[in-house]
Number of protein chains: 2
Amino acid sequence: MSTTENIIRVGILGYGNLGRGAELSIKQNADMTLVGIFTRRDPASVKPETNAPVYDMDKLLTMQNDIDVLILCGGSATDLPKQGPDLAQYFNIVDSFDTHAAIPDYYAKVNEAAKKSNKVALISVGWDPGMFSLNRLYAGCILPQGKDYTFWGKGVSQGHSDAIRRIEGVADGKQYTIPVEEALQAVRDGKDPVLSTREKHTRECFVVAKDGADTKKIEAEIINMPNYFADYNTTVHFISQDELNKNHSAIAHGGFVMRTGKTGVNQETNHLIEYSLKLGSNPEFTASVLVAYARANQRLRKHGATGAFTVFDIPPAYLSPLSGEELRKNLL
Amino acid sequence: MSTTENIIRVGILGYGNLGRGAELSIKQNADMTLVGIFTRRDPASVKPETNAPVYDMDKLLTMQNDIDVLILCGGSATDLPKQGPDLAQYFNIVDSFDTHAAIPDYYAKVNEAAKKSNKVALISVGWDPGMFSLNRLYAGCILPQGKDYTFWGKGVSQGHSDAIRRIEGVADGKQYTIPVEEALQAVRDGKDPVLSTREKHTRECFVVAKDGADTKKIEAEIINMPNYFADYNTTVHFISQDELNKNHSAIAHGGFVMRTGKTGVNQETNHLIEYSLKLGSNPEFTASVLVAYARANQRLRKHGATGAFTVFDIPPAYLSPLSGEELRKNLL
């Protein structure tokens, strides 16, 4: 592998699972170096996996000249809506903002900040939004007469797990989203099924009840919870905290993006495009996507771009440390 | 669907299966119009599927001002090596040049011609090279510690079918390339197998022998043919011309691009990215990719680009008739 530009100096903001994943991913990329991890916690309490320095978040703005691109590893609920527009004033950033409905508003705010400061902000990077979005876009452009299907899982949904844990009498809980095999097969068989919410995914819950709690009542509350569970076939298992810790701490995830499309004189020819991910760790994979797009951020910057961008705007070659010549020779 | 630019005026050069596919695909795209089909044959002998005008190829250069982008639908063996560099002097072009080893040389020639004339040439567009290349690139950038696997089929290989037909005593023949199911499964199971040529694909031949030909000898010649068959497990079936015409005229194809990659402190986390195509018609699908990239060609042109490009260089959004705002809202 030959690199076509200088070493990219990366900062990480936030050191949860995603920040840790970004730290490990940077180690896999020879053209990058990790300048530092920035945290709201006491830096002394953070033990990174590498010898990267850990700084108090207050130090961040003093290090503008040391950081080429800052990866925001906070959450979409409360961290990013504030950090994205704030920090795009000072840094080239990459983030994984994933509240789909709020993306247009978030984009506008980050774009304004980045334009003002002549920075590049790459938002909503990861696998959905991210790689799944790209596959929906490519497939839809190639086969304009067709149908899209996105399935998620098997994997833990944080939102649904949180919803379970808010129920009275629940000590802890995890929820798996599982695609329905028959639905996947019907799409693959070219049946163009119209699938209800219930027909696409099932939900499986592992719940730790508090001492003396009414498990029948908890189960009923879960199964009938509007938006989260009422529209799905949901199974509830009551288990001990030990079992939950031992068997359900995995952070695996994945899913499928499919498009069935038709071509021909009378749309008589069927095609299927299928993209799938089986991820041993959702945060480690998402972080790896963020790190690849940190490279793209720098390429964009070198081409004079400013403002906010998404995966849709990035030439694929910008993700690679290889030159155009090497890519054409070895990967095309 | 709202369009963000004017109608794109497309020309098609060559009217075999690929040209016919392009004609049909243009019909599916409301922001395009087919200016004409250009052919080496007598135009009166060509019967298009739509009411598109058919012109003698000699007329092409007189219509430079009528054509925004020209899709070259000839073959990679003899047509494109000449047409690409020639026509990039006069037109923005898109082609499906697919001789992998010759791409760097072809790129250089087309790039020089297109740079001189301030045109945009998009080369090697289709599914391999094309969508498969893109998936190799994306997956490799996200998971730099990993292994790539590409499988083709089940589908007819023109090159191998031609090789069979050159054997003495053979009247006609078709060859299917078939991925080995156990190999696919070993990759999906995360076994990181090292697969020999023989372990990845099998080859199945349907052969029509001439009257009185020695079928044992033909079979031996096929099975032992260097490069084409000797390294594979090959099955040969002798059938009648009627059977071949009836059961083996399909132009279905497809394949799989997979990457298994590792992340984590000790590369202990496994991930699988899989992209697959099941195509009812290889030429109709390839043509649909060409047509989507004809749109991208025009976007590049409007951004002032000149020279040769591949799918690696194209921002995905350029393939879509939708605006950035619409894409972020509906597809991200």
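Treat the numbers as computed from the prediction; the structure is a model and nothing was measured.

### A closer look at the sheet that holds strand 8 (residues 155-156) of chain A
Residue and element names in this part refer to chain A.
- Spatial ordering of the open sheet is given by 8-9-10-11, a layout of four strands whose pairing is mixed. Here the strands that pair on one side only, and so sit at the sheet edges, are strand 8 and strand 11 (233-238).
- As defined by bridge partners, strand 8 adjoins strand 9 (residues 170-179) across two bridges and the pair is classed as antiparallel. Each residue of the ladder has a partner; that of Gly155, found in strand 9, is Thr177.
- On the sheet, helix 5 (residues 158-165) packs against strand 8, strand 9 and strand 10 (201-209) and is oriented at approximately 145° with respect to strand 9.

### Remarks on the interface of chain A and chain B
- Contact residues are listed per partner, giving 64 residues for chain A and 65 residues for chain B.
- Three residues, Gln28, Arg328 and Leu332 of chain A, lead the burial of chain A against chain B; their summed loss comes to 15% of the area buried on that side.
- The interface formed by chain A and chain B contains zero salt bridges.
- At the junction of chain A with chain B, the criterion picks out 28 residue pairs in polar contact (both at pLDDT 80 or more).

### Observations regarding the packing of helix 1 (residues 17-27) of chain B against helix 10 (residues 282-302) of chain B
All names here are of chain B.
- Axis separation between helix 1 and helix 10 bottoms out at 8 Å; the angle between their running directions is 55°. One finds that helix 1 runs oblique with respect to helix 10. Viewed along their axes, helix 1 and helix 10 form a crossing whose handedness is right-handed. Taking contact as the criterion, the partners of Asn17, Leu18, Arg20, Gly21, Ala22, Leu24, Ser25 and Ile26 in helix 1 are, on helix 10, Pro283, Glu284, Thr286, Ala287, Ser288, Leu290 and Val291.
- Here the contact of helix 1 with helix 10 is composed, by residue class, of eight nonpolar, five polar and two charged.

### A short note on empty space enclosed by the protein
- For the structure shown, the criterion picks out two cavities of 30 Å³ or more.
- Roughly 50 Å³ of volume is contained in the largest cavity.
- Met131, Leu134, Asn135 and Tyr138 of chain A together with Met131, Leu134, Asn135 and Tyr138 of chain B are the residues that line the largest cavity.
- Of all elements in the fold, only helix 4 (131-142) of chain A together with helix 4 (131-142) of chain B reach the threshold of two or more residues within the lining of the largest cavity.
- Counted by class, the lining of the largest cavity contains six nonpolar, two polar and no charged residues.
- One number sums up the size of the second largest cavity: a volume of about 30 Å³.
- For the second largest cavity, the full set of lining residues is Thr263 and Gly264 of chain A together with Gly21, Leu24, Ser25, Gln28, Glu284 and Ser288 of chain B.
- Among the elements of the structure, helix 1 and helix 10 of chain B are those that each provide at least two residues to the lining of the second largest cavity.
- In the lining of the second largest cavity, the residues fall into one nonpolar, six polar and one charged.

### Structural notes on the packing of aromatic side chains
- Applying the stated criterion across every chain yields a total of 11 aromatic pairs over all chains.
- A ring pair is formed by Phe97 of chain A and Tyr106 of chain A, whose centres lie 4.0 Å apart and whose planes are at 15°; its orientation type is stacked.
- Overall, Phe97 of chain A belongs to the buried group, its relative accessible area being 3%.
- Positioned above the aromatic ring of Tyr176 of chain B, the side-chain terminus of Lys154 of chain B is 4.8 Å from the ring centre.

### A closer look at the environment of Ala77 of chain B
- Take Ala77 of chain B: it is sitting in the loop between strand 4 (69-72) and helix 2 (79-87).
- For the pair formed by Ala77 of chain B and Ala108 of chain B, sequence separation is 31 residues and the distance between their alpha carbons is 17 Å.

Procedures and definitions
Residues numbered from 1 in each chain as written. Chains lettered and ligands numbered in written order. Predicted model: local features only at pLDDT ≥ 70, side-chain atom pairs only at ≥ 80, totals over all residues. Heavy atoms only, no water. Pairing = 2+ DSSP bridges. Helix = DSSP H or I, 4+ residues; strand = E, 2+ residues; numbered from the N terminus. Contact = heavy atoms within 4.5 Å. Axes fitted to C-alpha atoms, helices over the stretch in contact; angles between N-to-C directions. Buried area = accessible area lost by both parts, 1.4 Å probe. Salt bridge = Lys/Arg side-chain N within 4 Å of Asp/Glu carboxyl O. Polar contact = N/O pair within 3.5 Å; in protein donor to acceptor, adjacent residues only side chain to side chain. Parallel < 35°, antiparallel > 145°, perpendicular 65-115°, else oblique. Left-handed = near helix turned anticlockwise from the far one by under 90°. Nonpolar A, V, L, I, M, F, W, Y, C, P; charged D, E, K, R; others polar. 1 Å grid on protein atoms, 1.4 Å probe; cavity = no way out; pocket = protein on both sides within 12 Å on 5 of 7 lines; lining within 4 Å. Points joined across faces, edges and corners; volume = space filled by probe spheres on them. Phe/Tyr/Trp six-rings, centres within 6.5 Å; stacked < 30°, edge-to-face > 60°. Buried < 20%, exposed > 50% of the residue type's maximum accessible area, 1.4 Å probe, protein only. Lys NZ or Arg CZ within 6 Å of the ring centre and 35° of its normal.

By themselves, these observations are geometric and do not establish any function.
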